[in-house]
Structure formats: C-alpha cells, structure tokens
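The primary structure of each chain is shown beneath.
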Amino acid sequence: MAISRKDSFLWGKAPPKFPPAERRQSDRSQKIEALDDIQKLKLEINDIMPDSSNPNLKRHSKSVVRNRKFLRGKKKFNMDPKVGIRYLIEHGILEWRAEPVAEFLYKEEGLNKTAIGNFLGEREEMHLKVLKAFVALHEFSDLNLVQALRFFLWSFRLPGEAQKIDRMMEAFATRYCDCNPGVFQSTDTCYILSFAIIMLNTSLHNPNVKDKPSLQRFVSMNRGINNGEDLPIELLTKLYASIRSEPFKIPEDDGNDLTLTFFNPDREGWLLKMGGRVKTWKRRWFILTDSCLYYFQYTTDKDPIGIIPLENLCVRKLQDSSKPYCLELYNTKGQKIKACKTENKGRVVQGKHQSYKLNAASIEERDDWIDAIRASITKDPFYDLVSMRKRKVISNTSPSE
C-alpha cells in the first residue's frame, strides 16, 4: 500500500507549487541572488589575495625571489667569498665595482668576518680596489690609534698570511694618516706603531706570556720610528694605558682568542685531506697557528674537527698519481703522529695517522703551505714585517755618505 508523505516536523514542509510564470520569476530572483553572492565572494577574495595581474603583486613576487637569492648569495659568501660575490653579481644583485662591493662587505649583516678578511686580503687588482674602498668607509678622524684599530679590526677578521696582513695594515695606516694629518710624519710610523700596539695587546693579555712588557719597554721599542725622531711620551703612555685596561675584542663569529687571530695564524685556506682509516679525499678549511694545524669543515665553524701538533714533524712535497699538488706531514722517527679529532658524536679521539697527506689547488699554494708550516715552527713572521719596516725608516733617515 502506497504511503503518501505528509508535511510534518520530520519531513519539513513540501515546497509550494507556483504557476509556471511565477516559477520562472522565482528562478530568476534566485539566480540574481546567487550572482550577487558570487560577486561578494570575489571581492572578499580580492581583499585577501590580490589578482595575479596586479602589478603590486608582481613587484612583491620579484622582491621575494630577489631576497631569497640575496640570502643564498650571503650563505655562499660565508662558505667561499669569491663564489658568493660571483653569485650575487650573476643574479644582478651586486655590481662588480669596488664601491658597491666594499659597501656590501662593510654594511651587510650576517657576513662571516673571516670570509670578509680573506676576500679583502687577495692581491688581484679588483680586490685591492675593494680593500681601498672598504677602508675608506671607516672614519678615523679625531680617534687615537688604539681607538681606530679597535674600530677597524672589528669590521673583519685579519687573515693569517703575512702578505695579506701587510697590504691591509698598509691600507689602514694610509687611511688613518689621511684622516689625522700631522699626527705622524709618515704612514710608515703609523704602520710600525699599529703592529707594536697589537703585539703589546698580545703580550699583556695572553696568559702564556709570562714576561709582561712595561711602559718603559714599550716606549723603548718605538724609539726613532717617526722618521728618525721619537714619538711624544704622552702619546705612547695613553696608547699603552688604553691597551692595558681593555684588550682588543674580536667579532663573535670567530670564537678564537685574539692572540690566534692576529699573531699566531701563519696561514689559512682550503686543502684536500686524505682520511686516516677511510682513504678518501675531503675538503677542509685549515688554519696554521701556534705550531699547530687545525682543520674545520667550514670557515664558519668555531670548533675544529681535528688538531695536528707540528712538534717533531717535518713537511715535504709528495708525488701522488691522483693529486698533483700534494704535501705530506710526517714524523722523522716513523712514529704515529700525536693528533686528535672529533667524532660525529662529539667525542675527541686520538688520530690514527702515520702521516698526513694534503693537496693544494696549485703548485704555488702547495709551496706556500710548506714554507708557512716550516716557518711556524721556528719564528713568527709578523715580527719580520715590523723589522723590515723599521729598517726602511732608519735607512731613509740615515745621512748619506
């Protein structure tokens, strides 16, 4: 038996039956209401997400892409400065001119100070122009030499190679004398005194130095450096007191002691290293300092992967069929090298090397590394820089025969 559905609270009311004309009018009204609702929805969506054809949106998208490339370029710079600069230039973010590159290095936040120092220290013509422009961004007017050095050495990390340090300190001395005419008779005086201040800082604040220099010794060390004349005692006393009361500080991203930063590092750079247990070549960042060779995975790392004390070791060229520019660290008695390394879990263990095989990028770099390793065991090259400049000043002021 068929059941006829009736209106009830369960079924709801049956839709009313309109005549055809009224039904068409009702449909038309519903369509208009639906179109109004759709239009309102479009407007609401536009308020939240602008139309893709909107020029403001396009500019916003380009800005986002550019910012991402910029950040990527900075990360590349911190890993390898030349690669990072080239990336930024290729993507139109940076111009390959001295002034904009110098401003990028000086003003941009988040750049590794070690990478900045390495880039500025290169001897190619463009790098020398960038160095000059970078130093020119520092305003040293009315600052004494210690204050100027604090300002200058905070903007980057001084490299470990003597030639690079010589170029950078020469640029600093020239800029300081330009900003403060009449303080020194020549840039050589400023150069020598700057190194004397850095050495004083090391001697006064390095706990390993037992014989602390007195004011009298500091004054005596710097006699005759002002074109054959002595500098005012008042000036040297003020500089000595400033360093004694407050040592130089270095940027936070360099976690190394200032002694290592300015004086002990003899050289630093990328080398390939042959593994001890697993005989594969891996690229590592090496720092030669204080008769030790430290190696890191990246230039930005604060802690080394391994440390190789150079005591009782020798270095020589090595012929290797797979790598053309090899050098070898070895023990003359054939004993296992007393080195240490950090495992993946952070545990420090003794190395297992009978010798260390390293590979440089060129013959010149290999020979420079060999010379630097040999020199670091016997003497400090930075004293040589000052001695050479002192001899130059003395020879220039000596009366001709």
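### Here's the deal with the overall build of the protein chain
Inference 1: The number of helices and strands found in the protein chain is 14 helices and nine strands.
Inference 2: Per-residue burial for the protein chain yields a buried fraction of 41% across its 401 residues.
Inference 3: Excluding contacts between residues fewer than 6 apart, the proportion of contacts in the protein chain whose partners are at least 24 apart in sequence is 61%.
Inference 4: In the structure as shown, the protein chain presents an accessible area of about 24000 Å², 52% of it carried by carbon and sulfur atoms.

### What to know about the side chain of Lys74
Inference 1: Examined against the element boundaries, Lys74 turns out to sit in helix H2 (residues 55-79).
Inference 2: Contacts of Lys74, omitting those with residues within four sequence positions, involve Phe104, Glu108, Glu109 and Leu111.

### Considerations on the packing of helix H9 (residues 187-205) against helix H11 (residues 233-245)
Inference 1: Close contact between H9 and H11 brings their axes to 9 Å; oriented N to C, the two are set at 40 degrees. Compared by their axis directions, H9 and H11 come out oblique. Read as a crossing pair, H9 and H11 show a hand that is right-handed. Residues Leu193, Ile197, Leu200, Asn201, Leu204 and His205 of H9 form the contact with H11, whose participating residues are Leu236, Leu239, Tyr240, Ile243 and Arg244.

### A look at the nonpolar core
Nonpolar side chains in soluble globular proteins tend to end up buried together.
Inference 1: The biggest cluster of nonpolar side chains holds 66 residues, and the ones touching the most others in it are Leu105, Leu145, Phe172, Leu193 and Ile197.
Inference 2: With 11 residues, H9 is the single largest residue contributor to this core.
Inference 3: Leaving out residues up to four positions away in the same chain, Leu145 has contacts with Phe172, Tyr176, Phe184, Cys190, Leu193, Ser194, Ile197 and Leu239.
Inference 4: Counting 21 residues, the second-largest nonpolar core is a separate cluster that includes Tyr295, Leu329, Leu358 and Trp369.

### Some points on unusual backbone geometry
Inference 1: The backbone phi angle of Asp142 is positive, close to 65 degrees, even though this residue is not glycine.
Inference 2: Relative to the assigned elements, Asp142 resides in the loop between helix H6 (125-136) and helix H7 (145-154).
Inference 3: Of note in this structure, Asn227 is not a glycine but carries a positive phi near 55 degrees.
Inference 4: Considering the arrangement of structural elements, one finds Asn227 in the loop between helix H10 (215-221) and H11.

### What to know about the pairing of strand S3 (residues 292-296)
Inference 1: Taken across its five residues, S3 has five buried, putting it largely inside the fold.
Inference 2: Across the two faces of S3 the burial is the same, with Cys292, Tyr294 and Phe296 and Leu293 and Tyr295 all buried.
Inference 3: The pairing of S3 with strand S4 (residues 306-309) spans four bridges and is antiparallel. Residue pairing for S4: Tyr295 is matched across the bridge by Gly306.

### Quick look at the packing of aromatic side chains
Any two aromatic rings considered together are summarised by their centre-to-centre distance and by the angle between their planes.
Inference 1: Considering all chains together, one arrives at 17 aromatic pairs under this definition.
Inference 2: Taking 6.0 Å as the distance between ring centres and 90 degrees as the angle between the ring planes, the aromatic pair formed by Phe77 and Phe104 counts as edge-to-face. Taken together, the residues Phe77 in helix H2 and Phe104 in helix H4 (residues 98-107) connect sequence positions 27 residues apart. Just as Phe77 is buried, Phe104 falls in that class too.
Inference 3: In textbook terms, an aromatic cluster arises when at least three aromatic residues are bridged by ring pairs, as seen for Tyr106, Phe134, Phe140, Phe151, Phe152, Phe156, Phe172, Tyr176 and Phe184.
Inference 4: Positioned above the aromatic ring of Tyr330, the side-chain terminus of Arg316 is 3.8 Å from the ring centre.

### Digging into the packing of helix H8 (residues 162-179) against H9
Inference 1: In contact at an axis separation of 9 Å, H8 and H9 are set at 120 degrees when each is read in the N-to-C sense. On the basis of the axis angle, H8 is oblique to H9. H8 and H9 meet at a crossing whose hand is right-handed. Contacts between H8 and H9 pair Ile165, Asp166, Met169, Glu170, Phe172, Ala173, Thr174, Tyr176 and Cys177 from the former with Thr187, Cys190, Tyr191, Ser194, Phe195 and Ile198 from the latter.

### Some thoughts on a positive patch on the surface
Inference 1: Together, Arg277, Lys282, Lys336, Lys341 and Lys352 line one region of the surface with positive charge.
Inference 2: By secondary structure assignment, the location of Arg277 is in the loop between strand S1 (265-274) and strand S2 (281-289).

### Examining the state of the cysteines
Inference 1: Scanning all chains against the criterion turns up zero disulfides.
Inference 2: Among the cysteines around Cys177, which has no disulfide bond, Cys190 carries the closest sulfur, lying 4.4 Å off.
Inference 3: The exposure class assigned to Cys177 is buried, which follows from its relative accessible area of 16%.
Inference 4: Cys177 provides the cysteine sulfur closest to Cys179, a residue in no disulfide bond, and the two sulfurs are 9.5 Å apart.
Inference 5: Taking the relative accessible area as the measure of exposure, Cys179 reaches 14% and is therefore buried.

Conventions adopted
- Residues numbered from 1 in each chain as written.
- Predicted model: local features only at pLDDT ≥ 70, side-chain atom pairs only at ≥ 80, totals over all residues.
- Heavy atoms only, no water.
- Helix = DSSP H or I, 4+ residues; strand = E, 2+ residues; numbered from the N terminus.
- Buried < 20%, exposed > 50% of the residue type's maximum accessible area, 1.4 Å probe, protein only.
- Contact = heavy atoms within 4.5 Å.
- Areas by Shrake-Rupley, 256 points an atom, 1.4 Å probe, with all protein chains shown as cover.
- Axes fitted to C-alpha atoms, helices over the stretch in contact; angles between N-to-C directions.
- Parallel < 35°, antiparallel > 145°, perpendicular 65-115°, else oblique.
- Left-handed = near helix turned anticlockwise from the far one by under 90°.
- Core = buried A, V, L, I, M, F, W, Y, C linked by side-chain atoms within 4.5 Å.
- Pairing = 2+ DSSP bridges.
- Phe/Tyr/Trp six-rings, centres within 6.5 Å; stacked < 30°, edge-to-face > 60°.
- Lys NZ or Arg CZ within 6 Å of the ring centre and 35° of its normal.
- Patch = residues over 30% accessible without salt bridge, like charges linked within 9 Å, V, L, I, M, F, W, Y side chains within 5 Å.
- Salt bridge = Lys/Arg side-chain N within 4 Å of Asp/Glu carboxyl O.
- Lys, Arg positive; Asp, Glu negative; His and termini not counted.
- Charge placed at Lys NZ, Arg CZ, Asp CG, Glu CD.
- Disulfide = S-S within 2.5 Å.

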